[in-house]
Amino acid sequence: NRDPELAPKLMRRLPGSILADIDSLDLANKDLSRLGARLILVHGLDDDIIPYTQSETLHQALPPDQARLHLASGLAHVDIKPGLLSRWRLWRAVDALLAEREGRNP
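Reading the values: rules and limits
Residues numbered from 1 in each chain as written. Predicted model: local features only at pLDDT ≥ 70, side-chain atom pairs only at ≥ 80, totals over all residues. Heavy atoms only, no water. Patch = residues over 30% accessible without salt bridge, like charges linked within 9 Å, V, L, I, M, F, W, Y side chains within 5 Å. Areas by Shrake-Rupley, 256 points an atom, 1.4 Å probe, with all protein chains shown as cover. Salt bridge = Lys/Arg side-chain N within 4 Å of Asp/Glu carboxyl O. Helix = DSSP H or I, 4+ residues; strand = E, 2+ residues; numbered from the N terminus. Buried < 20%, exposed > 50% of the residue type's maximum accessible area, 1.4 Å probe, protein only. Expected span 1.5 Å × (residues − 1). Arc of directions from axis to C-beta. Contact = heavy atoms within 4.5 Å. Polar contact = N/O pair within 3.5 Å; in protein donor to acceptor, adjacent residues only side chain to side chain.

Q: It is not clear to me how a nonpolar patch on the surface should be interpreted in this structure. Could you clarify?
A: Taken together, the side chains of Met 11, Leu 14, Ile 18, Leu 19 and Ile 22 define a hydrophobic patch exposed on the protein surface, amounting to about 350 Å² of accessible area. For the nonpolar patch, the element with the most residues is helix α2 (residues 16-25), which contributes three residues. Structurally, Ile 18 can be placed in helix α2. By relative accessible area, which is 37% here, Ile 18 ends up partly exposed.

Following this line, the structure appears as structure tokens:
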């Protein structure tokens, strides 16, 4: 389906077990207050399966020092073809991950 308007109707036709799985993955209905991990979120602006706004919402739901969000063009869920600026953004995400491992704060 390429029509966002049809998504709710099509979703209602899914089996109950799949709807339950989807609901269990939805972080909007989870209490994240006890989450102690620091998150490095990388999301493609071109992702046509999971909108990048989902990562933005997760980022906003956490304290500012607990998550870093890196948005990049050229990442369409599993197809990766970033341009120069997005490659730099992805490099920053990798650097943040390495900094966590080394105990430094970039």
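Continuing now.
Q: In this structure, what is going on with helix α4 (residues 84-102)? I would like to understand it.
A: Note: α-helices contain 3.6 residues per turn, so residues at a spacing of three or four share the same orientation. The end-to-end C-alpha distance of α4, which contains 19 residues, comes to 27 Å, matching closely the 27 Å that a straight helix rising 1.5 Å per residue would cover. Those residues of α4 that fall on the buried side of the exposure criterion are Ser 86, Ala 93, Ala 96 and Ala 99. Projection of α4 onto a plane perpendicular to its axis shows the buried side chains occupying an angular sector of 135°, all on one side. In α4, those exposed residues whose orientation departs by more than 90 degrees from the buried face are Leu 84, Arg 87, Trp 91, Arg 101 and Glu 102. Here the buried face of α4 lies against β1 (39-44) and β2 (67-72). The first or second residue beyond α4 is Gly 103, which carries a positive phi of 75°.

Q: Where do I start with the side chain of His 43 in this structure?
A: Residue placement: His 43 occurs in strand β1. For His 43, a relative accessible area of 8% puts it in the buried group. Within polar-contact distance, the side chain of His 43 engages the side chain of Ser 55 at 2.6 Å. Residues within four places of His 43 in sequence aside, it is in contact with Ile 50, Pro 51, Tyr 52, Ser 55, His 70, Leu 71, Ala 72 and Leu 75.

Q: For this particular structure, what's the right way to read the environment of Pro 64?
A: Inspection of the secondary structure puts Pro 64 in the loop between α3 (52-61) and β2. A residue is classified by how much of its surface remains accessible, and Pro 64, at 77% relative accessible area, is exposed. Between the C-alpha atoms of Pro 64 and Gly 83, which are 19 residues apart in sequence, the distance is 28 Å.

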